[in-house]
Amino acid sequence: MRIIVAEHVGETRAAIFEGDRAVELHLERWSERKSRAIRGEIYRARVRRIEPQLNGAFLDIGRGPDGFLPFGAAGRPAGFHEGAGIGVQIAREAFQEKGPTLVLHEVEPGDAPEALLTAPPLAERLSGLNDAPIIQAAKAGIDLDAEFDAALEADVPLNGGGRLIIEPVTALTAIDVDAGGRTGGKGNFAFDLNRTAAREAARQIRLRGIGGVVAIDFLPLKKKGDQTALEATLKSAFKNDPAKVDIAPSSRFAIVELARQRLGRALHEQMWERFGVESLETASLAALRALEAEGKANRASQLVLEAGLDVHDWLTRDPVGWHKAMASRLGARFTLKLSDRLPPRGFAAGRV
């Protein structure tokens, strides 16, 4: 196992590799520094309101949305009241419109809200959790951008032919197993394709950080023994996944439902503003990566980053301090230029 990291101006990208394949992708953006709570962090929080119907309470942790502390079977802790300062740890990060989920953690009395133990940088967190070395992407000869781009594609080709079609919607993620392009040959065609699809579906779910309910539409199998073997293959494929995964028996329509523990945001939730459409920040950071790559390839040249209206406006506002950081990497030899020939979120980096 290896942690492959690329530290760009504006964001850090990282991947966990097992052998020669990525199994997890992670993203940490400068725009969320000191504004987003990370799993494992410890806070002295302030109880904002108690919700008896939810058997829990909402707490102000001092950054981002309020966290929710479920009381569980034990009920409300003694001395727990609105306005109290309570020690908590982040059990699940915020996602979509939901704030982080909290668990109680013993802390010293003091002012609240206050961050008491914050997470180290992304690469260090991943290395510590997985006991694996950190290797820079350039040194490893790995194109992390290509890995991220592929993990946002709906179509995933399967070895031997066929494909997965992955579509996240509000309530769940649907994965369709499509046999198109796969030839028959010896053996049980549907069973063989389903087993290949099960292994790749498990990798893609972990790779993309997909949580919640997932429905996989496999090819129908006639033999009960084949269905049992397929379910065993799917369970085995998740054995190294750090998130808890519960798999339900296949329905009579050959659909297998599973629930994967949600530990944070899925990749598409971080990078898209809606299905299939990257956010303005994602486009703007891609422009910065292009400028940095051009600068490293041409170390003595004057550089220009042309940008469409939306990207140009974001870069001009400079909400993450990119200009100063880029100058420290490339020197003061680049300019930003508004282009009327590019689409609003388009860009092009080159030499003057």
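Quick summary incoming for the structure in this document. (Residues numbered from 1 in each chain as written. Predicted model: local features only at pLDDT ≥ 70, side-chain atom pairs only at ≥ 80, totals over all residues. Heavy atoms only, no water.)

When you go through the protein chain residue by residue, the secondary structure sums to nine helices and 21 strands. If one aligns the C-alpha atoms of the protein chain with their principal axes, the spans along those axes are about 65 × 65 × 40 Å. Relative to its full complement of 352 residues, the protein chain shows a buried share of 47%. The contacts of the protein chain with a sequence gap of at least 6 include a subset with a gap of at least 24, amounting to 65%. Averaging the locations of the 48 positively and 48 negatively charged side chains of the protein chain gives two centres separated by 3 Å. (Helix = DSSP H or I, 4+ residues; strand = E, 2+ residues; numbered from the N terminus. Buried < 20%, exposed > 50% of the residue type's maximum accessible area, 1.4 Å probe, protein only. Contact = heavy atoms within 4.5 Å. Lys, Arg positive; Asp, Glu negative; His and termini not counted. Charge placed at Lys NZ, Arg CZ, Asp CG, Glu CD.)

A word on the pattern of salt bridges. One side chain can pair with another of opposite charge once the charged atoms of both are near each other. Applying the stated criterion to the full structure yields 28 salt bridges. Between aspartate 145 and arginine 289 there is a salt bridge, with its nearest N and O atoms 3.1 Å apart. Linking aspartate 145 in helix H3 (residues 144–150) with arginine 289 in helix H7 (residues 280–297), this pair joins segments that are 144 residues apart in sequence. Overall, aspartate 145 belongs to the partly exposed group, its relative accessible area being 23%. A relative accessible area of 13% places arginine 289 in the buried class. One salt bridge connects lysine 296 with glutamate 292, and the closest N-O pair in it is separated by 3.4 Å. (Salt bridge = Lys/Arg side-chain N within 4 Å of Asp/Glu carboxyl O.)

Nothing here speaks to function; it is all geometry.
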